[in-house]
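Architecture at a glance
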Amino acid sequence: MATTRSKKPDNKFQPRPRRFFSQVSWNLDDWVVKMMHEDHDECDVQICRLMKPDDANIAGNVHGGIILNMIEEAGIIASTRHCNNPSHKDKAFEPSASALVRVETTDFLQPMYIGELAELRGMVTYTAPHSVEVKVIVTAENLLKGTKRLTNYATLWYVPMSAEVDSKVLSVPPLNYKSKEEEEEGRLRYEAQKAQRRKIGLGGRPSLLIKDDYNKNGSPDQLSVSFSSSSLIHLIGPSDCNSFGYATGGVTMKLMDEVAGCVAARHCRTNVVTASMDATNFHKRVKLGSLCHLTGRATFASSRSLEIEVMVDTEYLMDGSKVKERAVHAFFTYVSLGPDGKTRPIPQLQVQSEGENIRFQQGKLRYEQRKLKRAAANKKKTSTS
Amino acid sequence: MATTRSKKPDNKFQPRPRRFFSQVSWNLDDWVVKMMHEDHDECDVQICRLMKPDDANIAGNVHGGIILNMIEEAGIIASTRHCNNPSHKDKAFEPSASALVRVETTDFLQPMYIGELAELRGMVTYTAPHSVEVKVIVTAENLLKGTKRLTNYATLWYVPMSAEVDSKVLSVPPLNYKSKEEEEEGRLRYEAQKAQRRKIGLGGRPSLLIKDDYNKNGSPDQLSVSFSSSSLIHLIGPSDCNSFGYATGGVTMKLMDEVAGCVAARHCRTNVVTASMDATNFHKRVKLGSLCHLTGRATFASSRSLEIEVMVDTEYLMDGSKVKERAVHAFFTYVSLGPDGKTRPIPQLQVQSEGENIRFQQGKLRYEQRKLKRAAANKKKTSTS
Amino acid sequence: MATTRSKKPDNKFQPRPRRFFSQVSWNLDDWVVKMMHEDHDECDVQICRLMKPDDANIAGNVHGGIILNMIEEAGIIASTRHCNNPSHKDKAFEPSASALVRVETTDFLQPMYIGELAELRGMVTYTAPHSVEVKVIVTAENLLKGTKRLTNYATLWYVPMSAEVDSKVLSVPPLNYKSKEEEEEGRLRYEAQKAQRRKIGLGGRPSLLIKDDYNKNGSPDQLSVSFSSSSLIHLIGPSDCNSFGYATGGVTMKLMDEVAGCVAARHCRTNVVTASMDATNFHKRVKLGSLCHLTGRATFASSRSLEIEVMVDTEYLMDGSKVKERAVHAFFTYVSLGPDGKTRPIPQLQVQSEGENIRFQQGKLRYEQRKLKRAAANKKKTSTS
């Protein structure tokens, strides 16, 4: 069978080019647009994976936790490669495994479906003496139709941990920036996240009971906080871990999204999907053989979204300490979808105790801050464009 | 959007409370009813997992082996935590990994489906100097409808193995019982299972050929024992193991149910589901890198159920010994379901040799003992209630 | 319920015997026919696995990579068992893990579907001082209908690597052949593959850029090589590895088929399935913690098949060397299926550079050699039968 070698095929049959992205209503950050259109040779890492039935709910929507897990896999690869790069070597080389310490707010712009090809591109965008910033974008490609949509973008922070000495933090080789401005912008992002991490607190802390004020008398009301609150336990096994016996941050985020999804489904009784994860700090690495206790509870409901607080407490069984430590604490936002794929109203959340009321008001503040932040980002774009 | 804070919502829209369990026709043991209605804070362990397409057969029924695997995961967590609990410490602490040695008869009361949330609760209910009894109940929650059904309950026995010295059995810290009666009842259960384990034999034994008397002349008849008999081999990999390089009992039970399911499907050619697993002893731990040889054959068929004998022989490839040892031996009962989800008649089993006939008569005895036992349990309940 | 013990059941209800294989149009090698009809007790290894939704594409066809992975699992078990067999011991026993070094051309004769039982049988068929040849056949059994089809057969070559000393190749215990002819035929196959491996080159080699001549100006044309070319990165985790921390060849082949499938789907935009993998050498074992870079590009399209070249480059992150080495290089052939399951025409491949044209001509030669080889095999059968 002959093939043509013409560089200009007949335009009649010219389909949409593969790099076409369907439009999104969000105003995207500059770096996202740049990475979307950049050749993938210029990215530090590119991962592709076909979405399978087990990755999705019964409506065919890929779970947010699966996407967060892939994002973190891209992040860990980019950071580990950068830190183990000998061209940056200024002293004796010491191999490191990168540990996730923070994920900035991550929005789920569009759903991803079974059968689509998820493509993730990651790049190291800033380095501090002991931290690495990685930016990742996620696109979903429909292989049959040839369309490609942007579904997520995320910023992650890693710290290189010695592969030889436990809990030893290593130095990060410096990054070559394209311009002074690029370095300065990165430094501002680094200072901002550092302040956030300090505010919330660092290091493994004793876990706090979250069930202090639950209504324990009789069956809880269907729309109450205690009705939908959920918990699960997971024993960290070998396939959850990196090659040095620590659970990856992606596995933890996948579990967090699972427990948040249970809360949302119990409250809404519909097809619920992850809309965003607020900026989240990872205080503690989780060792192979540890028990992860995950707890989720609804904190705030607007007419179209439900905020869910998720806590991860870990307990290492092999040292006999029986101490539970808070490893992660995060806020997820879920939306409810109808059979037509459009968002549906969220049932009102019934607040039944003083604690629940305080958390509801705090949730409302976070909800309004998110709205303001989005509006500000849109305004900035409009003024600069 | 405003939320109400009323403690009593309008009863018109009050759905069935989440703790509602649909009725089961079985007469349940007291401890099952107690654990079903207990707050989950009072359980030693609670696991939740959403059932995925890969967990089920093509008719959407979750495989019995998946449920047995989750049951054992709950058991291993409860036992490991209890044994590594320093508050019980009376001497130098030595960490242990719990190894499954026995599962009491486990009935599959109701099917579980894709998309349901499996919730497992486990509690340590008795401790002997070197054994731990864990009881587990399994419920299936339909997140969209808000209904919850009891699907399984099980009793498992564990032995704490040293995490540092291979094959060293450690002491179990004593349990605090609520009453003398509770302790005494546990002691009776402990003695009963010990007698059963002694009767059947302990320790890894050389595997016995099970194909001694098969009709090897020509193609086997469609309903004969040799026609449906099945075998499979599985190489124990890192993701099958606990953090000390031994396969979990749950992985072994999952494989056992797989081979039993093949036998049942080959005999019935319908949607077959696990109805029960008889009390089963685990003679030998299976090391990472071992080959598991699983063999299943039909032993007895009543009009509505098929009994399948499953044998697990293991062979460790790295010591050059080429010795196969019998690790587990169990009886599964399967039922056949029609498209309406109702049980269908089982085709008669054609017994073609003396050995098959002996096993058929023994199977018939076990079948009648199971019926008597169930009737006795029902009578006991009726008289005590 | 009574069972009959008659050895001859009523023929009226006699279904097709289980060992029946539906006819294939291929002329099968003698060893395939022999292994198909042999009792499985005479095989070195037999693996069964039920095909699940995650193993297949959206049309229900099991991915070729899943089948290649199972084939390699059967091969690794047969080879490891043979090499660690003490009955062959002539000196101090040293345990070994078998590493895949070559797979001969593997055709996908018929599709396999979700819900079918894949059965693999493997046998060691020749041994050289440091190499083991394993032959594997794959059948798909429809458990509900009782039919069984041959879907694949494959020949794999392994080398025993010391489980104690890294990179040390051990001696293979000799095989007992049934006849001088059998041994001589095996020796010829061994010499032939050795010549092939020498021709292509042995050992990890520096990876070569494959994107040298791509059209980078603007969006690529829909049917061009650069449009459908795909790449993915995979970090080798614990569950990808054998018990000594090296990725199995099967995991690598599964990833290779994944990237080839992306290329084929992007070019054809239909349900594409693997038709064959050409003979492939595995130059380098891939360590736990390595990055696998997989790249695929279309090289040749006939009217009914698409040839895709796949390259695997590995990069071990923990030694700071930042050297990528070519681990595998293979050619896959894909066909495109319509909704009726029949093959559809392949769109013409647009060749846009000198390099693409050279590869296209080389692909055409390979395509014609494959046709000649198949014709020769058919002729040989006809003349000997």
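Residues numbered from 1 in each chain as written. Chains lettered and ligands numbered in written order. Predicted model: local features only at pLDDT ≥ 70, side-chain atom pairs only at ≥ 80, totals over all residues. Heavy atoms only, no water.

When its secondary structure is counted, chain A shows six helices and 14 strands. Scored against the burial criterion, the 385 residues of chain A give a buried share of 60%. Within chain A, residue pairs in contact and separated by at least 24 positions form 75% of the contacts whose partners lie at least 6 positions apart. Here chain A has roughly 16,100 Å² of accessible surface; of this, 54% comes from carbon and sulfur atoms. (Helix = DSSP H or I, 4+ residues; strand = E, 2+ residues; numbered from the N terminus. Buried < 20%, exposed > 50% of the residue type's maximum accessible area, 1.4 Å probe, protein only. Contact = heavy atoms within 4.5 Å. Areas by Shrake-Rupley, 256 points an atom, 1.4 Å probe, with all protein chains shown as cover.)

All names here are of chain A. Averaged over every residue, the pLDDT of chain A is 82; the share at 70 or more is 82%. Here residues 201-218 is a poorly scored stretch, pLDDT under 50, and it has 39 contacts once near neighbours within four places are set aside; other chains count. Both scores are available for the predicted complex, with the pTM at 0.79 and the ipTM at 0.72. (pLDDT = per-residue confidence, 0-100.)

Attention shifts here to a negative patch on the surface. Residues and elements named next belong to chain A. Judged by side-chain charge, Glu-181, Glu-182, Glu-183 and Glu-185 come together as a negatively charged surface patch. In this fold, Glu-183 is placed in helix 3 (residues 180-200). Exposure remark for Glu-183: the relative accessible area of 33% places this residue in the partly exposed category. (Patch = residues over 30% accessible without salt bridge, like charges linked within 9 Å, V, L, I, M, F, W, Y side chains within 5 Å. Salt bridge = Lys/Arg side-chain N within 4 Å of Asp/Glu carboxyl O. Lys, Arg positive; Asp, Glu negative; His and termini not counted. Charge placed at Lys NZ, Arg CZ, Asp CG, Glu CD.)

Our next topic: helix 1 (residues 30-37) of chain A. Residues and elements named next belong to chain A. Taken as a whole, helix 1 has its buried residues at Trp-31, Val-32, Met-35 and Met-36. Projected down its long axis, helix 1 shows its buried positions confined to an angular sector of 135°, all on one face. Facing away from the buried side of helix 1 by over 90 degrees, the exposed positions are Asp-30 and His-37. In this structure, the buried side of helix 1 is in contact with strand 4 (117-127), strand 5 (132-142) and strand 6 (147-162). (Arc of directions from axis to C-beta.)

Glancing now at the environment of Arg-266 of chain B. One can find Arg-266 of chain B in helix 5 (residues 249-268). According to the relative accessible area criterion, Arg-266 of chain B is buried, its value standing at 1%. Each C-alpha atom, one on Arg-266 of chain B and one on Ser-229 of chain B, is 8.2 Å from the other, the two residues being 37 residues apart in sequence. For Arg-266 of chain B, the side chain forms a polar contact with the side chain of Glu-141 of chain C, separated by 2.3 Å. (Polar contact = N/O pair within 3.5 Å; in protein donor to acceptor, adjacent residues only side chain to side chain.)

If a strand is regular, its side chains alternate between the two faces of the sheet. Residues and elements named next belong to chain B. In terms of burial, strand 12 (residues 306-316) is largely enclosed, as 10 of its 11 residues are buried. As defined by bridge partners, strand 11 (residues 290-301) adjoins strand 12 across 11 bridges and the pair is classed as antiparallel. When the bridges of strand 12 are listed, Ser-290 appears paired with Tyr-316. Hairpin connection of strand 11 to strand 12: four residues between the antiparallel strands. Inspection of the sheet shows strand 12 paired to strand 13 (residues 324-337) by 10 bridges, in the antiparallel sense. Counterpart to Asp-313 in the pairing with strand 13 is Arg-326. (Pairing = 2+ DSSP bridges.)

Now for unusual backbone geometry. Excluding glycine, a negative phi dihedral is what most residues carry, and trans is how most peptide bonds are arranged. A positive phi angle is found at Arg-269 of chain A, which is not glycine, with a value near 55°. Assignment of secondary structure puts Arg-269 of chain A in the loop between helix 5 (249-268) and strand 9 (271-277). With a phi angle near 65°, Ser-167 of chain C is a residue other than glycine that sits in the positive phi range. Position of Ser-167 of chain C among the secondary structure elements: in the loop between strand 6 (147-162) and helix 3 (180-200).

So, on to helix 2 (residues 64-83) of chain C. Over its 20 residues, helix 2 of chain C runs 28 Å from end to end, which matches the ideal 28 Å to within 8%, given 1.5 Å per residue. Counting buried residues along helix 2 of chain C, 18 of its 20 residues qualify, which places the element largely inside the surrounding structure. (Expected span 1.5 Å × (residues − 1).)

Turning to the environment of His-234 of chain C, a few remarks are in order. Among the secondary structure elements, His-234 of chain C is positioned in strand 8 (residues 230-235). Separated by 21 residues in the primary sequence, His-234 of chain C and Leu-255 of chain C have C-alpha atoms spaced 8.3 Å apart. Setting aside residues up to four positions removed in sequence, His-234 of chain C forms contacts with Glu-73 of chain A together with Asp-240, Leu-255, Ser-290, Leu-291 and Cys-292 of chain C. A polar side-chain atom of His-234 of chain C sits 2.8 Å from a polar atom in the side chain of Asp-240 of chain C.

So, on to the packing of helix 2 (residues 64-83) of chain B against helix 5 of chain B. Residue and element names in this part refer to chain B. Running from amino to carboxyl end, helix 2 crosses helix 5 at an angle of 170°, the nearest separation of the two axes being 8 Å. For the element pair helix 2 / helix 5, the angle class is roughly antiparallel. Crossing angle aside, the handedness with which helix 2 passes helix 5 is right-handed. Taking contact as the criterion, the partners of Gly-64, Gly-65, Ile-66, Leu-68, Asn-69 and Glu-72 in helix 2 are, on helix 5, Gly-249, Gly-250, Val-251, Met-253, Lys-254 and Asp-257. (Axes fitted to C-alpha atoms, helices over the stretch in contact; angles between N-to-C directions. Parallel < 35°, antiparallel > 145°, perpendicular 65-115°, else oblique. Left-handed = near helix turned anticlockwise from the far one by under 90°.)

Right, let's talk about the packing of aromatic side chains for a bit. The full count for this structure, using the stated rule, is 18 aromatic pairs over all chains. Between Trp-157 of chain B and Tyr-190 of chain B, the aromatic rings sit 5.9 Å apart at their centres with planes inclined by 50°, giving tilted as the arrangement. With Trp-157 of chain B in strand 6 (residues 147-162) and Tyr-190 of chain B in helix 3 (residues 180-200), this residue pair connects regions lying 33 residues apart in the sequence. Here the two residues Trp-157 of chain B and Tyr-190 of chain B agree in accessibility, since each one is buried. Between Arg-366 of chain B and the ring centre of Phe-331 of chain B, over which it is positioned, the NZ or CZ distance is 3.6 Å. Between Arg-285 of chain C and the ring centre of Tyr-246 of chain C, over which it is positioned, the NZ or CZ distance is 3.8 Å. (Phe/Tyr/Trp six-rings, centres within 6.5 Å; stacked < 30°, edge-to-face > 60°. Lys NZ or Arg CZ within 6 Å of the ring centre and 35° of its normal.)

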